[in-house]
Amino acid sequence: MYSVIRATRISTRASLPFATRSGARSLTSSAIRFNQGKPLSADPVERAKTKSNIWKNIKRTIFASSLLGLGYLGYGIYDERHPTTQIVPDAKKKTLVILGSGWGSISLLKKLDTTQYNVVLISPRNYFLFTPLLPSAPTGTVEHRSIIEPVHGIIRQKKGVVKYYEAEATAVDNVNKKVTLKSVNTPEEVEMTLDYDYIVMGVGAQTSTFGIPGVAENACFLKEIDDSKKLRQQLMDRIETAAFVSAEERKNLLHMVVVGGGPTGVEFAAELQDFVDDDLKRSCPEIAKDIRVTLVEALPNVLSSFSKQLVDYTQNSFATANIQLLTKTMVKNVTKDTIKAERSLEDGSKETFEIPYGLLVWATGNAVRPVTRSLMTNIEAQKQSRRGLIVNDFLVVEGAEGIWALGDCSATKFAPTAQVAAQEGAYLANLFNQMGRAHEIEDDITALQLKSESAQDSNTRKTIASEIESKTRKLRRAQTILPFEYTHQGSLAYIGSERAVADLSLWGNATPWAGSMTYWFWMSAYVSMCFNTRNRILVCFDWVKTKVFGRDISRE
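Residues numbered from 1 in each chain as written. Predicted model: local features only at pLDDT ≥ 70, side-chain atom pairs only at ≥ 80, totals over all residues. Heavy atoms only, no water.

1. A word on the UniProt feature "domain: FAD/NAD(P)-binding" (unreviewed entry) in the protein
Annotation from UniProt places "domain: FAD/NAD(P)-binding" (unreviewed entry) at residues 95–425. Note that residues 95–425 is 30% helix and 29% strand, and that its end C-alpha atoms are spaced 18 Å apart. (UniProt positions renumbered as here; feature names shortened; annotations may be inferred. Helix = DSSP H or I, 4+ residues; strand = E, 2+ residues; numbered from the N terminus.)

2. Here we look at the pattern of salt bridges
If you walk through the whole model with that rule in mind, you get 20 salt bridges. The shortest N-O distance in the salt bridge between Arg125 and Glu224 comes to 2.5 Å. With Arg125 in the loop between strand 2 (118–123) and strand 3 (127–129) and Glu224 in the loop between strand 10 (220–221) and helix 6 (225–241), this residue pair connects regions lying 99 residues apart in the sequence. Glu498 is the partner of Lys547 in a salt bridge, and the nearest nitrogen-oxygen pair spans 2.6 Å. Residue Lys547 is located in helix 15 (residues 533–549), and its partner Glu498 is located in the loop between strand 22 (490–496) and strand 23 (499–506); the two are separated by 49 residues in the primary sequence. Put simply, Glu271, Asp278, Asp279 and Arg551 are held in one network by salt bridges that share partners. (Salt bridge = Lys/Arg side-chain N within 4 Å of Asp/Glu carboxyl O.)

3. Quick notes on the confidence of the model for the protein
In this model, the protein carries a mean pLDDT of 88, and residues with pLDDT of at least 70 account for 92%. Across residues 1–38, where pLDDT falls below 50, the model places 13 contacts with residues more than four positions away in sequence or in other chains. (pLDDT = per-residue confidence, 0-100. Contact = heavy atoms within 4.5 Å.)

4. Quick notes on the pairing of strand 13 (residues 323–326)
Summarising the sheet, strand 12 (residues 292–296) and strand 13 pair through four bridges and their orientation is parallel. Each bridged residue has a counterpart across the sheet, and for Thr294 the counterpart in strand 13 is Gln324. As for the winding sense of the linkage, the β-α-β connection from strand 12 through helix 10 (residues 308–320) to strand 13 is right-handed. (Pairing = 2+ DSSP bridges. Right-handed = clockwise from strand over helix to strand, strands pointing away.)

5. Some remarks on the domain arrangement of the protein
Under the domain assignment used here, the protein contains domain 1 (95–207 + 368–479) and domain 2 (220–363 + 487–531). Computed over C-alpha atoms, the centres of domain 1 and domain 2 are 36 Å apart. Of the residues lining the interface, 29 residues belong to domain 1; the matching set on domain 2 comes to 25 residues. For the pair domain 1 and domain 2, the summed buried area comes to about 2300 Å², and 62% of that belongs to carbon and sulfur atoms. Among the residues of domain 1 in contact with domain 2, Pro135, Pro138 and Thr139 are the three that bury the most area, contributing 26% of the side total. In this assembly, domain 1 and domain 2 are joined by two salt bridges. Remark: the boundary between domain 1 and domain 2 carries nine residue pairs in polar contact (both at pLDDT 80 or more). Of all the secondary-structure elements, those providing two or more residues to the side of domain 1 that touches domain 2 are helix 3 (103–111), strand 3, strand 4 (148–150) and helix 12 (418–454). Broken down by element, the residue count for the side of domain 1 that touches domain 2 peaks at four residues, all from helix 3. Split into classes, the residues belonging to the side of domain 1 that touches domain 2 amount to 15 nonpolar, nine polar and five charged. (Domains from an automatic or database assignment. Buried area = accessible area lost by both parts, 1.4 Å probe. Polar contact = N/O pair within 3.5 Å; in protein donor to acceptor, adjacent residues only side chain to side chain. Nonpolar A, V, L, I, M, F, W, Y, C, P; charged D, E, K, R; others polar.)

6. Some words on unusual backbone geometry
Here Lys177, not a glycine, exhibits a phi torsion of approximately 55°, which is positive. On the basis of relative accessible area, Lys177 is assigned to the partly exposed category, the value being 24%. A positive phi angle is found at Glu498, which is not glycine, with a value near 55°. The exposure class of Glu498 is partly exposed, given its relative accessible area of 34%. (Buried < 20%, exposed > 50% of the residue type's maximum accessible area, 1.4 Å probe, protein only.)

7. Structural notes on the sheet that holds strand 1 (residues 95–99)
The strand order across the open sheet formed by seven strands is 7-6-5-2-1-8-20, and the pairing between neighbours is mixed. Either end of the sheet is taken by a strand with one partner, and the two such strands are strand 7 (191–195) and strand 20 (403–405). Within this sheet the neighbouring strands show an average axis-to-axis angle of 35°, counted without direction. Note: strand 8 (residues 198–201) against strand 20, three bridges, orientation parallel. For Met201, the partnering residue across the bridge sits in strand 20 and is Ala405. This element, helix 3, spans strand 1, strand 2, strand 5 (162–173) and strand 8 of the sheet and lies at about 145° to strand 1. Lying on the sheet, helix 11 (residues 370–378) is in contact with strand 5, strand 8 and strand 20; it crosses strand 5 at an angle near 45°. (Axes fitted to C-alpha atoms, helices over the stretch in contact; angles between N-to-C directions.)

8. Digging into the packing of aromatic side chains
Under the criterion given, the structure shown has 19 aromatic pairs. Ring plane angle 55° and centroid distance 4.9 Å describe the contact between Trp522 and Tyr526, whose orientation is recorded as tilted. Here Tyr526 and Trp522 lie together in helix 14 (residues 516–529), a separation of four residues that amounts to about one turn. For the pair formed by Trp522 and Tyr526, the shared burial category is buried. Through a chain of ring-to-ring contacts, three or more aromatic side chains come together here, namely Trp103, Phe128, Phe130, Tyr494, Tyr519, Trp520, Trp522, Tyr526, Phe531 and Trp543. Taking NZ or CZ as reference, Lys163 lies 5.4 Å from the ring centre of Tyr165, over its face. Arg343 extends its terminal NZ or CZ atom over the ring of Phe353, reaching a point 4.4 Å from the ring centre. (Phe/Tyr/Trp six-rings, centres within 6.5 Å; stacked < 30°, edge-to-face > 60°. Lys NZ or Arg CZ within 6 Å of the ring centre and 35° of its normal.)

9. Observations regarding helix 11
Helical periodicity: at 3.6 residues per turn, an α-helix aligns residues three or four positions apart in one direction. Among the residues of helix 11, Val371, Thr372, Leu375 and Met376 are the ones counted as buried. Seen end-on, helix 11 carries its buried residues on one side only, within an arc spanning 135°. Among the exposed residues of helix 11, those pointing more than 90 degrees away from its buried face are Pro370 and Asn378. Against the buried residues of helix 11 lie strand 5, strand 8, strand 19 (389–390) and strand 20. (Arc of directions from axis to C-beta.)

10. Points about the layout of surface pockets
Approximately 630 Å³ is the volume attributed to the second largest pocket. Taken together, 22 residues line the second largest pocket, and the ones lying closest to its centre are Gly76, Asp79, Glu80, Gln157 and Asn532. The element that contributes the greatest number of residues to the lining of the second largest pocket is helix 2 (residues 44–81), accounting for six residues. In terms of residue class, the lining of the second largest pocket is made up of seven nonpolar, seven polar and eight charged. (1 Å grid on protein atoms, 1.4 Å probe; cavity = no way out; pocket = protein on both sides within 12 Å on 5 of 7 lines; lining within 4 Å. Points joined across faces, edges and corners; volume = space filled by probe spheres on them.)

Listed below in structure tokens is the structure:
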């Protein structure tokens with residue numbers, strides 16, 4: 001008996017080293033993960049204390065992060081509300097005129113050192129419009145005030161004083177370097193002329209009707225805030241009028257047609273269907289059941305700039321959401337209540353048909369604005385252009401001196417998107433900042449040369465010569481300007497039912513994303529793209545309000 005017990009103890013001890021080595025290694029690694037390298041005790045009380053400490057550390061981290069976030073937010077609000085005293089630029093400095101208050105012009109203004117120039121901003125609207133969220137405004141997902149940023153708030157944050165005129169530029173004299181503008185809000189139309197040394201054309205483009213009869217008279221556009229407000233009123237008119245007409249008339253009256261399968265058209269169609277499904281079906285179920293949304297696109301598919309996977313996902317999502325999609329369909333004529341369209345069939349033939357509608361939204365095409373057209377006719381190198389001002393790799397207008405163009409009013413190899421315009425604006429800001437530094441260095445060199453000529457001591461002249469050489473090297477660096485290079489960050493589009501699609505450029509490759517998680521990324525990306533803290537907060541509040549209370553279905 002004793003020998004059996006002793007043999008058992010020996011075999012147990014013999015097996016312990018292997019078990020202890022492997023088991024201890026596993027236990028220690030777990031302890032390192034959960035208790036910062038301290039071995040977990042076998043005592044249940046000690047284990048509970050360890051877990052409690054872990055949760056305390058997590059809570060402290062969250063609390064500290066929240067405090068830092070609130071502090072950063074508070075600083076941003078304070079900084080916007082308490083701008084510093086601005087410097088009045090020297091009248092001898094060159095005058096830089098910026099036309100427009102869109103993505104390109106405001107990105108330029110945001111990053112421009114305004115102490116180096118006498119900066120003049122001219123725009124008929126005294127605000128910057130965050131256009132990516134404009135399709136969300138007519139249905140009430142976000143408020144109009146939440147997606148506009150006052151121009152005066154932007155220029156007040158600059159170090160140097162910026163002069164602003166709420167006016168429309170009507171002509172640019174590239175020979176005499178003068179710009180003519182007329183006021184937009186004075187009781188009587190006032191015209192004036194300003195001299196410039198440099199001018200940046202950032203007036204954007206207007207919606208193109210492609211010369212189709214009836215579009216300008218009967219369609220609603222989605223380019224400006226006023227377009228969105230008009231569209232909202234038209235939408236509510238159709239909804240309220242539906243109670244007074246027959247069943248057949250109601251179906252036509254409540255047929256909402258969106259023309260244009262780009263991001264703007266797709267997002268508005270999605271927002272409109274969300275408005276019907278989430279809000280009208282609860283408040284006006286008898287009317288909501290007759291509302292139909294149709295998207296018309298001339299190309300074979302929507303979102304042509306996105307990958308095929310995302311295009312298919314979007315079109316399948318639209319089918320699920322009961323949004324009718326008419327691709328390969330061109331609008332030929334528009335009347336008060338019908339659209340004459342032509343569709344390309346699979347066998348190559350054409351089919352002409354009519355689409356009765358109650359509301360038509362035109363969300364496709366850009367046309368050159370009058371001031372851009374007038375400048376193009378005055379410059380020989382621009383007369384053959386159709387899309388806009390032809391620019392070189394440095395965004396300088398071909399055939400002109402001292403004129404730059406960016407955004408939708410320029411003709412480049414890049415798509416006319418907000419992302420392109422914003423990067424062009426940042427590039428021009430850096431270019432003008434370099435030019436400003438170069439002018440300052442040139443003035444310093446001239447002053448040093450005069451000082452050297454009047455110096456009597458040879459040592460003094462040597463010292464000055466050394467300074468001139470150093471300044472000359474700095475001048476060469478300041479005068480070295482690289483051409484504009486566009487970096488595509490990706491494309492985003494909301495497709496309804498809290499889903500979005502995204503073509504993101506990761507490590508040089510386009511990576512498709514789609515679904516509900518992409519929708520959260522879409523929201524965070526757009527909030528981060530807002531130019532100031534105020535708009536970020538307002539947009540977030542609007543989204544929360546819509547989620548909790550639903551969209552407002554009143555007329556205003």
